[in-house]
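Each chain, letter by letter, is given below.
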Amino acid sequence: MSVHYLSDSPGPIGVFDSGYGGLTILDCIRKVLPQYDYIYIGDNARTPYGTRSFEVVYEFTLQAVNKLFEMGCQLVILACNTASAKALRSIQQKDLPYIDPRRRVLGVIRPTAECIGQLTKSRHVGVLATAGTIKSESYVLEIGKLYPDIHVVGEACPLWVPLVENNEFDKPGADYFVKQHIDNLLKKDPQIDSVILGCTHYPLLIKKIRQYMPGHINIISQGDYVASSLKDYLHRHPEMDERCLKHGTCAFYTTESVDKFKESASIFLRWPIEVSKVVLE
Ligand code: DGL
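Residues numbered from 1 in each chain as written. Predicted model: local features only at pLDDT ≥ 70, side-chain atom pairs only at ≥ 80, totals over all residues. Heavy atoms only, no water.

## Focus: the pattern of salt bridges
Test applied: Any Lys or Arg side-chain nitrogen found within 4 Å of a carboxyl oxygen on Asp or Glu counts as a salt bridge. Each helix is a run of DSSP H or I of at least 4 residues and each strand a run of E of at least 2, with the numbering of both proceeding from the N terminus. Each residue gets one of three labels from its accessible area relative to the maximum for its type: buried under 20%, exposed over 50%, partly exposed in between, using a 1.4 Å probe on protein chains only.
Evaluated as defined, the whole model comprises 15 salt bridges. Taking the shortest distance from any N to any O, the salt bridge between Asp100 and Arg103 comes out at 2.8 Å. Taking the shortest distance from any N to any O, the salt bridge between Lys145 and Glu142 comes out at 3.2 Å. Of the two residues, Lys145 and Glu142 are both situated in helix α7 (residues 138-146); the distance of three residues between them amounts to about one turn of the helix. According to the relative accessible area criterion, Glu142 is buried, its value standing at 12%. Members of the salt-bridge network, linked through shared partners, are Arg110, Glu114, Glu142 and Lys145.

Right under this line is the structure:
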């Protein structure tokens, strides 16, 4: 894979996910930071990432990051837990110094882990996520570094992303799988009082998740935490803030069918969007 000429001029903020899930993050980011320009890439042709190996998720994510850099982004958010868990560290430590040490790639796991200390009283936290994120133990490790007294258990929900990607998230067929994984998680640790939705697709299942989650449990969607963490980051890094364009625009790219993306994404975002095709290689 080769990276083409990289311009040094200010650019949009890049937001990447394997599919539609990152739109839940973008939506929250744009509410808090509407003045910035954004480019979203959904790798819908190769979703889901959650069941793929470390090597493959890393390769696909790096391709997307390079594409967003070529499109002018100086800052990229991996709005995908699986990519954040499996690719972020390697990209930050191994690739960025060669590609362009002034550009930045940020993930969604750290901002979510940071908020949990204030939200749990029982100090027992559950994580619902893809098989890849659970297997990586990223939440256990990140929360453990910040709050060693918190006990974290995870449950992989391999069918939840396909339910969202195939527009089945509000259909009756989804109920069985939503209930099954919530029950499994609470069986592993009945003292859980807070559950992280550790996959950016899952907020789209929120109605059904609320239906099957006992009422005393906090359900933690990451979007607002990621958005306020980004706001804080840009405030603390004026040199990066200057490198981000501010006209309030948002462009969407998909590796799959443009029409399909437009239709599904408009349902999630509730506003009409312009979409173009992109090839990641
Ligand atoms: N939305 C992504 C996440 O947050 C990945 C879903 C997938 O492709 O499996 O993990």
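From this point, the discussion proceeds with the structure in view.
## Structural notes on the packing of aromatic side chains
We count it as follows: We call Phe, Tyr and Trp rings a pair once their centres come within 6.5 Å, taking the six-membered ring for Trp, and we label the pair stacked below 30 degrees between planes, edge-to-face above 60, and tilted otherwise. Geometrically, a charge over a ring is one whose NZ (Lys) or CZ (Arg) sits within 6 Å of the ring centre while staying within 35 degrees of the ring normal.
Per the stated rule, a full pass over the model turns up eight aromatic pairs. Aromatic pair Tyr20 and Phe261: ring centres 5.3 Å apart, planes at 35°, arrangement tilted. Of the two residues, Tyr20 sits in the loop between β1 (13-17) and α1 (22-32) while Phe261 sits in helix α13 (residues 258-269), which places them 241 residues apart along the sequence. Comparing Tyr20 with Phe261, the two get one shared label, buried. Taken together, a centroid distance of 6.4 Å and an interplanar angle of 45° make the contact between Phe252 and Phe261 tilted. One exposure class covers both Phe252 and Phe261, and it is buried. Put simply, the rings of Tyr20, Tyr40, Phe252 and Phe261 pair up and form one aromatic cluster. Above the face of the Phe60 ring, Arg46 is positioned so that its terminal group lies 3.6 Å from the ring centre.

## Thoughts on the site of the ligand
To be explicit about the condition: Any residue with a non-hydrogen atom lying within 4 Å of a molecule or strand is treated as near it. In protein, a polar contact means a hydrogen-donor-capable atom and an acceptor-capable atom, both N or O and within 3.5 Å, with residues adjacent in sequence counting only if both atoms are side-chain atoms; elsewhere, any N or O pair within 3.5 Å suffices. Note on areas: Shrake-Rupley, 1.4 Å probe, and residue coverage restricted to the protein chains presented here. Asp, Glu, Lys and Arg are counted as charged, while Ala, Val, Leu, Ile, Met, Phe, Trp, Tyr, Cys and Pro are counted as nonpolar; the rest, among them Gly, fall into the polar class.
Near the ligand lie 14 residues; those nearest to it are Ser18, Tyr49, Gly50, Thr82 and His201. Take Gly50: an N or O atom from its main chain is 2.7 Å from an oxygen atom of the ligand. Take His201: an N or O atom from its side chain is 2.6 Å from a nitrogen atom of the ligand. Bound to the protein, the ligand loses 99% of the 300 Å² it would expose on its own. Of the residues that constitute the shell around the ligand, the class distribution is five nonpolar, eight polar and one charged.

## Observations concerning the pairing of strand β2 (residues 38-42)
Each regular strand shows side chains that alternate between the opposite faces of the sheet. To be explicit about the condition: Note on pairing: two strands pair once DSSP finds at least 2 bridges between them.
Most of β2 sits inside the fold, with five of its five residues counted as buried. The alternating pattern of β2 places Tyr38, Tyr40 and Gly42 on one face and Ile39 and Ile41 on the opposite face, and all of these are buried. Summarising the sheet, β1 and β2 pair through five bridges and their orientation is parallel. When the sheet's bridge partners are listed, Phe16 is paired in β2 with Ile41. With five bridges joining them, β2 and strand β9 (residues 250-254) adopt parallel strand pairing. By the bridge assignment, Ile39 is partnered in β9 with Ala251.

## Remarks on the sheet that holds strand β10 (residues 275-277)
Spelled out, the test is: Between N-to-C directions, angles span 0 to 180 degrees; the directions come from axes that are lines fitted to C-alpha atoms, helices contributing only their stretch in contact. Should any heavy atoms of two residues lie within 4.5 Å, those residues are counted as being in contact.
The parallel open sheet is built from six strands, whose spatial order is β4-β3-β1-β2-β9-β10. Both edges of this open sheet fall to β4 (104-106) and β10, since each of them pairs with a single strand only. Taken pair by pair, the neighbouring strands of this sheet meet at an average axis angle of 25°, ignoring direction. Relative to β4, strand β3 (residues 75-78) runs parallel, the two being bridged by three bridges. Within the sheet, the bridge partner assigned to Leu75 lies in β4 and is Arg104. Along the sheet, helix α4 (residues 88-99) contacts β3 and β4; its crossing angle with β4, the most-contacted strand, is approximately 170°.

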